[in-house]
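These are the residues of each chain, in order.
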Amino acid sequence: MKNYNFDELVDRTNTNSIKYDAREQFFGNGEVLPLWVADMDFKTPDFIVQALKQRLEHEVLGYTFRGDSYADAIINWLDLRHGWKVEKEWISFSPGVVAGLTLAIDTYSKPGDEVIVQPPVYFPFFDSVKGMSRKMIENPLKLENGRYTFDLEDLKSKISAKTKMLLLCNPQNPGGMVWTKAELEALATVCLENKVLIVSDEIHADLVFEGHRHIPLPTLSDEIANNCVVCMAGSKTFNIAGLTTSFVVIPNKKLFVRYERTLKVPHLHMGNIFGSLALETAYREGADWVDQMVDYLQENYRFLEFFLKENLPQVVPMKPEATYLIWLDFSAFQLSDQELNDKLIQAGVGLNRGVQFGKQGSSYMRINIGCPKATLEQALIRMKEAFA
């Protein structure tokens, strides 16, 4: 088995990287250490790069389709990694998970209908709902014992005849929860009883830490499978977000046909040669790389947790069960969200503002630890010096 080097520092400047080359635009400071955008600073795995190079040796890049080997790679990956037996006829396409969510909103609801979100949550959810002229209903997560959980009583009280859909984030971003079987079953039951479709963003499914297991929503029961749409991708797992390739799994045939119609009208179903090839290659050859990368992320989190405890105990991280995105509580400093953000920028650290994820994120910041330990350590030292 090959050992991969996640300590390597890669210069990403001048590559049109949002994370690096848009720092001046977003922070007013082009020199901050960027631990914000949710991509990793690790090199895209060599086996993916080699597959892309090999394809370029054939110098015609015309229209292509995704063949059986593409679907087989997805089917095998989901079975081996998550115990989910998916059929080829359930797999559709999306240029990205957010695009898939937005297409689902367009497909299964109409303007003026209600769509439920559960903040603090991945902020493009808000844009997708509002941008499609749907009414966003907030069902905030409850904070219990340092971990978020669903507030089902609040959910039940907010569902109306106009509520058509709930957007689920599983694993959760920014909190890093891997929802348990009991939690998912309870949520899904409420939605079934009220005829509310669940659209589940499971893009972080492969980034689950020791002691936890991702449960794809459709594996709970056939009834639940027929009431959900699952959006997934290899983009977070293998650091290939720039190839704009995701997939959507829809076990319900009627729902599948409706989604495909929405996808094909604007001609979004084609995808691109390199995104399809990268995803297929990743799922065929990437198991060892992912295992080593997740181990590295866990060590990065342990380092962050220890550093904060020893040097900056006022900042409390939410212990992640998955993802390389850590939710940091700065409330002990009693700063406004603007003051907190300004202080971090002045210290030379660029993080995501908690309020982006909903008002429940006030006094929080999200940090991306998908980077070499040396980068993380430098950022933490700067934070320590800023708040000392």
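Residues numbered from 1 in each chain as written. Predicted model: local features only at pLDDT ≥ 70, side-chain atom pairs only at ≥ 80, totals over all residues. Heavy atoms only, no water.

Another point: the overall build of the protein chain. Along the protein chain, the regular secondary structure elements total 15 helices and 15 strands. What you see for the protein chain is a C-alpha radius of gyration of 21 Å, in line with the 21 Å of a compact globule of 388 residues. Each principal axis of the C-alpha atoms in the protein chain carries an extent, and together these give about 60 × 60 × 40 Å. Residue burial in the protein chain is summarised as follows: out of 388 residues, 56% are buried. Of all intrachain contacts in the protein chain linking residues separated by at least 6 positions in sequence, the fraction that spans at least 24 positions is 74%. Accessible surface for the protein chain amounts to roughly 17,200 Å². Of this, 50% is attributable to carbon and sulfur atoms. (Helix = DSSP H or I, 4+ residues; strand = E, 2+ residues; numbered from the N terminus. Rg over C-alpha atoms; globule rule 2.2 N^0.38 Å. Buried < 20%, exposed > 50% of the residue type's maximum accessible area, 1.4 Å probe, protein only. Contact = heavy atoms within 4.5 Å. Areas by Shrake-Rupley, 256 points an atom, 1.4 Å probe, with all protein chains shown as cover.)

Tallying each qualifying case throughout the model produces 21 aromatic pairs. Connected via pairs of aromatic rings, a cluster forms that spans Phe-6, Phe-42, Trp-77, Phe-238, Phe-247, Tyr-283, Trp-289 and Tyr-296. Note that Arg-66 overlies the ring of Phe-93, its terminal NZ or CZ placed 4.2 Å from the centroid. Its end group placed over the ring of Phe-387, Lys-343 keeps NZ or CZ at 5.4 Å from the ring centre. (Phe/Tyr/Trp six-rings, centres within 6.5 Å; stacked < 30°, edge-to-face > 60°. Lys NZ or Arg CZ within 6 Å of the ring centre and 35° of its normal.)

Attention now goes to the packing of helix H5 (residues 97–108) against helix H11 (residues 253–264). Relative orientation of the contacting elements H5 and H11 amounts to 110°, with a least axis distance of 9 Å. By the angle between their directions, the pair H5 and H11 is classed as roughly perpendicular. Judged by the sense of rotation from one axis to the other, the crossing of H5 with H11 is right-handed. The residues of H11 that touch H5, namely those facing Gly-100, Leu-103, Ala-104, Asp-106, Thr-107 and Tyr-108, are Leu-255, Phe-256, Arg-258, Tyr-259, Thr-262 and Leu-263. Class assignment of the residues belonging to the contact of H5 with H11 gives a composition of seven nonpolar, three polar and two charged. (Axes fitted to C-alpha atoms, helices over the stretch in contact; angles between N-to-C directions. Parallel < 35°, antiparallel > 145°, perpendicular 65-115°, else oblique. Left-handed = near helix turned anticlockwise from the far one by under 90°. Nonpolar A, V, L, I, M, F, W, Y, C, P; charged D, E, K, R; others polar.)

The next point concerns empty space enclosed by the protein. The full count for this structure, using the stated rule, is two cavities of 30 Å³ or more. In terms of lining residues, the largest cavity is bounded by Gln-118, Val-121, Leu-141, Leu-167, Leu-168, Cys-169, Gln-172 and Trp-179. Split by residue class, the lining of the largest cavity holds six nonpolar, two polar and no charged. Roughly 30 Å³ of volume is contained in the second largest cavity. In terms of lining, the second largest cavity is formed by Trp-77, Leu-78, His-82, Glu-202, Ile-203, Ala-205, Asp-206, Met-232, Ala-233 and Tyr-283. Mapped onto the lining of the second largest cavity, the elements with two or more residues apiece are helix H4 (68–82) and strand S9 (228–233). In terms of residue count, the dominant contributor to the lining of the second largest cavity is H4 (three residues). Here the residues of the lining of the second largest cavity are counted per class, giving seven nonpolar, one polar and two charged. (1 Å grid on protein atoms, 1.4 Å probe; cavity = no way out; pocket = protein on both sides within 12 Å on 5 of 7 lines; lining within 4 Å. Points joined across faces, edges and corners; volume = space filled by probe spheres on them.)

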